[in-house]
Amino acid sequence: MKENLTFSYDLSKEDKNRRHKSLVVWFFGLSGSGKSTLCNSVEKALFKHNINTVVLDGDSMRKGINKDLGFLESDREENLRRASEISKIINNNGLLTLCSFITPLEKNRKLINSIIGRKNIFWVYLDVPLEECIKRDPKGLYKKAIKGDIKNFTGVSSPFVVPTDFDYVVNKSFDLKTTTDKIVVKILKNINKSK
């Protein structure tokens, strides 16, 4: 029996990267920090530059491929592992992936780097303090977590470890358009496509 059962496709990642380099842009920070809003804005801006993207968002992943997972630390790690494996497949196919996940622990980020490859990821950290996220609370989740209705909630009953390795940091009072423009310039430079 044949040892390697993986089919070898004719087009390589290098072939697919001739148009523009593939990249995974990973937005991370506390719930309510603005990850999805910024990710959406960056996607629209990249679309104007004729860059097709694939978006992987924590909420939509949990409604589909990861609906079997809860919020224990082991479930969160598996959630991020699956997202990383999908991102790696997309990256190897020459596309730009935009990921929006809380990604609370340093070990989660190391796992993601080990799966996708650090050189293939542009990390965008939304450094919005917990107090500000609680004030915003767009989904009403902090209120429930503080009351004890939601267990293992990052920032309340589960930790968020401040990162030491990222490519771009967004502070709490960011202007969406300005921040989007700055990130897009960096992405376009990274994928070797001039603005």
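Here the structure is a predicted model, which is why all the values come from computation and not from measurement.

Draft legend 1. Quick look at the overall build of the protein. Each helix and strand counted, the protein has eight helices and five strands in total. The order of α-helices and β-strands along the protein, N terminus first, is α-β-α-β-α-α-β-α-β-α-α-β-α. In terms of overall dimensions, the protein is globule-like: its C-alpha atoms have a radius of gyration of 17 Å, near the 16 Å expected for 195 residues. Each principal axis of the C-alpha atoms in the protein carries an extent, and together these give about 55 × 50 × 30 Å. The burial tally for the protein puts 44% of its 195 residues in the buried class. Long-range contacts, defined here as pairs at least 24 residues apart, represent 77% of the contacts in the protein between residues at least 6 apart. Surface summary for the protein: the accessible area is close to 11,100 Å², and the carbon and sulfur share equals 53%. Charge-centre separation for the protein: the mean point of 35 positive side chains lies 4 Å from the mean point of 23 negative side chains.

Draft legend 2. Region of interest: unusual backbone geometry. Positive phi, normally seen in glycine, also occurs at Asn 50, with a value near 60°. Not every positive phi belongs to a glycine, and Asn 152 is a case in point at roughly 55°. Within the secondary structure, Asn 152 sits in the loop between α7 (141-147) and β5 (168-171). Accessibility expressed as a relative area gives 30% for Asn 152, which makes it partly exposed.

Draft legend 3. Here's a closer look at the nonpolar core. Ranked by internal contacts, the top residues of the largest apolar core, which has 43 residues, are Trp 26, Phe 27, Val 124 and Ile 183. Setting aside its immediate chain neighbours within four residues, Ile 183 contacts Phe 27, Leu 38, Val 42, Phe 122, Val 124, Tyr 168 and Val 170.

Draft legend 4. Main features of the pattern of salt bridges. On inspection of all chains with the given rule, the structure shows 14 salt bridges. A salt bridge links Glu 77 to Lys 107; its shortest N-O distance comes to 3.6 Å. Taken as a pair, Glu 77 in helix α4 (residues 73-92) and Lys 107 in helix α5 (residues 106-116) lie far apart in primary sequence, 30 residues in all. For Lys 107, a relative accessible area of 43% puts it in the partly exposed group. Ionic pairing is found between Asp 149 and Lys 147, a salt bridge with its closest N-O pair at 3.6 Å. Assessed through its relative accessible area of 51%, Asp 149 is described here as exposed.

Scoring rules and cut-offs
- Residues numbered from 1 in each chain as written.
- Predicted model: local features only at pLDDT ≥ 70, side-chain atom pairs only at ≥ 80, totals over all residues.
- Heavy atoms only, no water.
- Helix = DSSP H or I, 4+ residues; strand = E, 2+ residues; numbered from the N terminus.
- Rg over C-alpha atoms; globule rule 2.2 N^0.38 Å.
- Buried < 20%, exposed > 50% of the residue type's maximum accessible area, 1.4 Å probe, protein only.
- Contact = heavy atoms within 4.5 Å.
- Areas by Shrake-Rupley, 256 points an atom, 1.4 Å probe, with all protein chains shown as cover.
- Lys, Arg positive; Asp, Glu negative; His and termini not counted.
- Charge placed at Lys NZ, Arg CZ, Asp CG, Glu CD.
- Core = buried A, V, L, I, M, F, W, Y, C linked by side-chain atoms within 4.5 Å.
- Salt bridge = Lys/Arg side-chain N within 4 Å of Asp/Glu carboxyl O.

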